[in-house]
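# Coordinates in review
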Amino acid sequence: MAAASNQLSEDQFLCSVCLDVFTDPVTTPCGHNFCKKCITEHWNVSDRCQCPMCQEVFTTRPDLRVNTFICEMVSQFRQSTQQKARSSEQQESRPGEVPCDVCTGTKLKALKSCLVCLASYCETHLEPHLTASGLKRHQLMDPVENLEDRMCLKHDKPLELFCRTDQTCVCMLCTVLDHKMHNVVPLKQECEGKKVELQKTEAETQEMIQKRRLKIQEVQHNVKLSEEDADREKAEGVQVFTGLKESVERKLKELITTIEEKQRSTKKQAEDAIREMEQEISDLMKRSTEVEKLSLSEDHLHLLQSVQSLNIHHPPPTKDWSQVSVPPASHEGTVRRAVSQLEETLSNMMKTLVEVKMKRAQKFAVDVTLDPETAHHDLILSGDGKQVKPAQVQQPRLPDNPQRFSLCLYVLGTQKFSSEKLYYEVQVKQKTEWILGVARESANRKGLISLSPQNGYWTIWLSNGNEYRAGDGPSVVLSLKSGPQKVGVFVDYEEGLVSFYDVEAAALIYSFTGCSFKEKLLPFFSPGRYLDGINSAPLIISPVGVN
């Protein structure tokens, strides 16, 4: 009957009054079917009792009863319609999803896979495995592809066990044939162990990810700091060179004004002299004319009387121009003096700039102490590790560990630095010899040592009381206006920069630039030789900002 109902159309189960599927269907004596409620209400409002379909009139209202056969057919039709609706609602399998192996035409998405049947089923075709007693015992799992890969190729049995000896999945027959006496456990047990390992691996992976994220943040932070430094340097550069440009333009203007004023003064002096001499020439020419005229006169009386008035033996007063001179204006030294003033201005600007840089470097002050394990045995260190001086007499030899300087009077700081900026200050007052700087951790500490960046040392030193040098391989002579009493050491690891400052004068002593640091750096010190007490004063690591 169910098969028959599937062949019937929906029109065969529609009431001609309400045009919907029958509810409590009844049959009239003429053989037509209606909902019981529909035909009853129709007759209640009609004058005659007749069939709405064939118009047959009934003399008496028929006694209508529910037609059980049609009622059952309608119920099956409703179930079939609902099942079709549910089937149509199931998703079609998409790429990457497991399709149903039973569906023909459009493949629906599988809900489960059977390890016994080696097939995957959608909701409709899975129903027998949920209801049939024989199929209920089959092992179902979330849908997977290539179920044949889960079968033993040799015995055609499900791979249900894991051989720890051979590290492979096996079936039940394998354990008694090919893997006899091996350490075999259920897949679930092995998976639990593997999951623990995977969780550990995941934790390690997450830790690695976190480290890299932190490193990214560090790099981004360094880039930000670099951008801020670059912006600050550009701003300072613009300020310095703008000031220098303005100073040059001002000095040039003053130079031109000075030269022009001097030239105007010379010109005025010459013009005044010329004007005065031209006036005298005019007076003399007038006298010359009168004398000439008189000398040609034939009137003796007039001539004698005029000569008396002209006083020819006493010429009119004039200036002695032989001692008067208006030499060309000399501008020698004017430009030199202007340049000298400009140099002084530039020097003051440089001093201000160095002061700013040194104050900025002091923000990276670190606490440095001396490492006795590295000190040569003829050096004396203070208990707090802040002072070192040469011994007056030879000291007992200390254990020659790999860290200790064996021949040179050197000592390193305890602290090691990398990927950062650092600054510290050392007092060198009353000393005639000393060496300061930083050293690479792996730099040689045995025998004679040549202090140069190639050997892992970035240093400056004082020798003979007044000779300052930088160990830049070869060494560079430093011209200092005065000897520093306290030296500041600044290192920018990332920038590859080591700078030395005269703290009290706020002056740059020397800078190593373009350095390539690839390992940790340590502060480096040498108080020099005792020299009969002349150089007995200690090097003192001083708190930054304290005089």
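All residue numbers refer to position in the chain's written sequence, counted from 1. Thresholds applied to this predicted model are a pLDDT of at least 70 for local features of residues and 80 or more for the giving and counting of side-chain atom pairs; totals over whole chains, interfaces and linings are not thresholded and use all residues. Hydrogen atoms and water are omitted, and side-chain values are computed over all heavy atoms in the structure.

## Quick look at the environment of Phe524
Filter applied, for reference: Numbering of helices and strands starts at the N terminus; helices are DSSP runs of H or I of at least 4 residues and strands are runs of E of at least 2.
Relative to the elements of secondary structure, Phe524 occurs in strand 20 (residues 521-526). Along the backbone, Phe524 and Asp24 are 500 residues apart, and their C-alpha atoms lie at a distance of 106 Å.

## Describing the sheet that holds strand 19 (residues 507-512)
Going by this rule: Two strands make a pair as long as DSSP finds a minimum of two bridges between them. Where helices are involved, their axes are fitted lines through C-alpha atoms of the stretch in contact, as for all axes, and angles between N-to-C directions lie from 0 to 180°.
Read from one edge to the other, the open sheet built from seven strands follows the order 9-10-21-12-17-18-19, with strand pairing classed as antiparallel. The open sheet has two edge strands with one neighbour each: strand 9 (379-381) and strand 19. Averaged over all adjacent pairs, the angle separating strand axes in this sheet is 20°, with direction ignored. With six bridges connecting them, strand 17 (residues 486-492) and strand 18 (residues 497-502) associate as antiparallel partners. Across the sheet, the residue bridging to Val487 is Asp502, located in strand 18.

## Regarding the pairing of strand 17
Rules: Whether a residue is buried, partly exposed or exposed follows from its accessible area with a 1.4 Å probe, protein chains only, as a fraction of its type maximum: under 20%, in between, or over 50%, in that order.
With seven of seven residues buried, strand 17 lies mostly within the body of the structure. Where burial is concerned, the two faces of strand 17 agree: the one with Lys486, Gly488, Phe490 and Asp492 and the one with Val487, Val489 and Val491 are both buried. In this sheet, strand 17 lies alongside strand 12 (residues 421-427) in antiparallel orientation, the contact comprising seven bridges. Opposite Tyr424, over in strand 17, you have Val489 as the bridge partner. Taking the residues between adjacent antiparallel strands as the criterion, strand 17 and strand 18 are bridged by four residues, where Gly496 takes a positive phi near 70°.

## Focus: the nonpolar core
Rule in force here: What is meant by a nonpolar core is a set of buried Ala, Val, Leu, Ile, Met, Phe, Trp, Tyr and Cys residues, joined one to another through side-chain atoms within 4.5 Å. In what follows, residue pairs with any heavy atoms lying within 4.5 Å of each other are defined as contacts.
In terms of nonpolar packing, the biggest core is built from 36 residues, with Trp434, Ile460, Val487 and Phe525 touching the most fellow members. Leaving out residues up to four positions away in the same chain, Val487 has contacts with Tyr424, Glu425, Val426, Val428, Trp434, Leu436, Ile460, Phe500, Tyr501, Val503 and Ile509. Counting residues in each nonpolar core, the second largest holds 18 residues, with Cys15, Cys35, Ile39 and Val74 among its members.

## Regarding the packing of helix 7 (residues 187-295) against helix 9 (residues 334-362)
Relative placement of two packed helices is described by the angle separating their axes and the distance separating the axes. The line we're drawing: Should an angle lie under 35 degrees it is considered roughly parallel, over 145 roughly antiparallel, and from 65 to 115 roughly perpendicular; all remaining angles are considered oblique. Handedness of a crossing follows from how the near helix is turned relative to the far one, being left-handed for an anticlockwise turn of less than a right angle and right-handed for a clockwise one. Basically, the charged four are Asp, Glu, Lys and Arg, the nonpolar ten are Ala, Val, Leu, Ile, Met, Phe, Trp, Tyr, Cys and Pro, and anything else, Gly included, counts as polar.
As a packed pair, helix 7 and helix 9 sit with axes 10 Å apart at the nearest point and diverge in direction by 165°. Overall, the two elements helix 7 and helix 9 adopt an arrangement that is roughly antiparallel. In the crossing of helix 7 with helix 9, the sense of the turn from one axis to the other is right-handed. In this structure, helix 7 contributes Arg232, Glu233, Glu236, Val240, Gly243, Leu244, Ser247, Val248, Lys251, Leu255, Thr258 and Ile259 to the contact, and helix 9 contributes Thr334, Val335, Ala338, Gln341, Leu342, Thr345, Leu346, Met349, Leu353, Val356, Lys357 and Arg360. The class makeup of the residues in the contact of helix 7 with helix 9 is twelve nonpolar, six polar and six charged.

## Observations regarding the packing of aromatic side chains
Heads up, the condition is: For Phe, Tyr and Trp, rings pair up if their centres lie within 6.5 Å, where Trp contributes its six-membered ring, and each pair is then called stacked (planes under 30 degrees apart), edge-to-face (over 60) or tilted (otherwise).
In total, this model carries 13 aromatic pairs according to the counting rule given. Seen from their ring centres, Tyr457 and Phe524 are 5.4 Å apart, and the 70° between their planes marks the pair as edge-to-face. Of this pair, Tyr457 sits in strand 14 (residues 457-463) while Phe524 sits in strand 20, placing them 67 residues apart in sequence. A relative accessible area of 0% places Phe524 in the buried class. Linked through ring pairs, Phe405, Tyr410, Tyr457 and Phe524 together constitute an aromatic cluster.

## Thoughts on the sheet that holds strand 7 (residues 168-170)
Pairing is antiparallel across the open sheet formed by three strands, whose spatial order is 7-6-8. With one partner strand each, in any of the chains shown, strand 7 and strand 8 (184-186) form the two edges of the open sheet. Here the strands of the sheet are splayed against their neighbours by 35° on average, with no regard to which way each runs. Bridging between strand 6 (residues 161-163) and strand 7 involves three bridges; their strand directions are antiparallel. Bridge pairing in strand 7 places Phe162 opposite Cys169.

## Side note on the packing of helix 7 against helix 8 (residues 300-310)
Taken N-terminus to C-terminus, the directions of helix 7 and helix 8 make an angle of 160°; their axes are 10 Å apart at the nearest point. As judged from the angle between their axes, helix 7 and helix 8 are roughly antiparallel. Both helix 7 and helix 8 take part in a crossing whose hand is left-handed. Contact with helix 7, carried on its side by Arg287, Glu290, Val291 and Leu294, involves His302, Leu303, Ser306, Val307 and Leu310 of helix 8 and no other residues of that element. Looking at the contact of helix 7 with helix 8 residue by residue, the classes come out as five nonpolar, two polar and two charged.

## Considerations on the pattern of salt bridges
Any two side chains of opposite charge can pair if their charged atoms end up close together. Note the threshold: A pair is scored as a salt bridge if a Lys or Arg side-chain nitrogen falls within 4 Å of a carboxyl oxygen belonging to Asp or Glu.
Per the counting criterion, the structure on display carries 25 salt bridges. Here Asp142 makes a salt bridge to Lys112, at a shortest N to O gap of 3.3 Å. Of the two residues, Asp142 is situated in the loop between strand 5 (140-141) and strand 6 and Lys112 in strand 3 (residues 112-114); the sequence distance between them amounts to 30 residues. Exposure remark for Asp142: the relative accessible area of 54% places this residue in the exposed category.

## A word on helix 2 (residues 36-45)
An α-helical turn contains 3.6 residues, so any two residues separated by three or four positions project in the same direction. Condition: The directions considered for the arc run from the helix axis to the C-beta atoms.
Looking only at helix 2, the buried set comprises Cys38, Ile39 and Trp43. Down the axis, helix 2 shows its buried residues gathered within 125° of arc, on one side only. Projecting away from the buried face of helix 2 at angles above 90 degrees are the exposed residues Lys37 and Val45. In this fold, the buried residues of helix 2 make contact with strand 1 (25-27) and strand 2 (33-35).

## Observations concerning the side chain of Ser113
Let me state the cut-off plainly: As used in this structure description, the phrase polar contact means that two N or O atoms lie within 3.5 Å; if the pair is within protein, one of them must be able to donate a hydrogen and the other to accept it, and residues adjacent in sequence are counted only when both atoms belong to side chains.
Note on placement: Ser113 falls in strand 3. A residue is classified by how much of its surface remains accessible, and Ser113, at 0% relative accessible area, is buried. Here the side chain of Ser113 touches Ser120 through a polar contact of 2.7 Å, side chain to side chain. At 3.1 Å, the side chain of Ser113 and the backbone nitrogen of Val144 are in polar contact. Once you skip the residues sitting within four places of it in the chain, Ser113 turns out to touch Ala119, Ser120, Gln139, Leu140, Met141, Asp142, Pro143, Val144 and Leu147.

## Describing the pairing of strand 18
The element strand 18 is largely enclosed, with a buried count of five among its six residues. Where strand 18 lies against strand 19, five bridges are found, and the strand directions are antiparallel. Looking at the pairing, Phe500 lines up with Tyr510 of strand 19. Counted along the chain from strand 18 to the antiparallel partner strand 19, the turn is four residues long, and its residue Ala506 has a positive phi close to 50°.

## Describing the environment of Val335
Among the structural elements, Val335 can be located in helix 9. Along the backbone, Val335 and Cys30 are 305 residues apart, and their C-alpha atoms lie at a distance of 136 Å.

## Description of the side chain of Lys251
The residue Lys251 is located in helix 7 in this model. A relative accessible area of 17% places Lys251 in the buried class. Apart from residues no more than four positions distant in its own chain, Lys251 is found in contact with Gln341, Leu342 and Thr345.

By themselves, these figures tell us nothing about what the structure is for.
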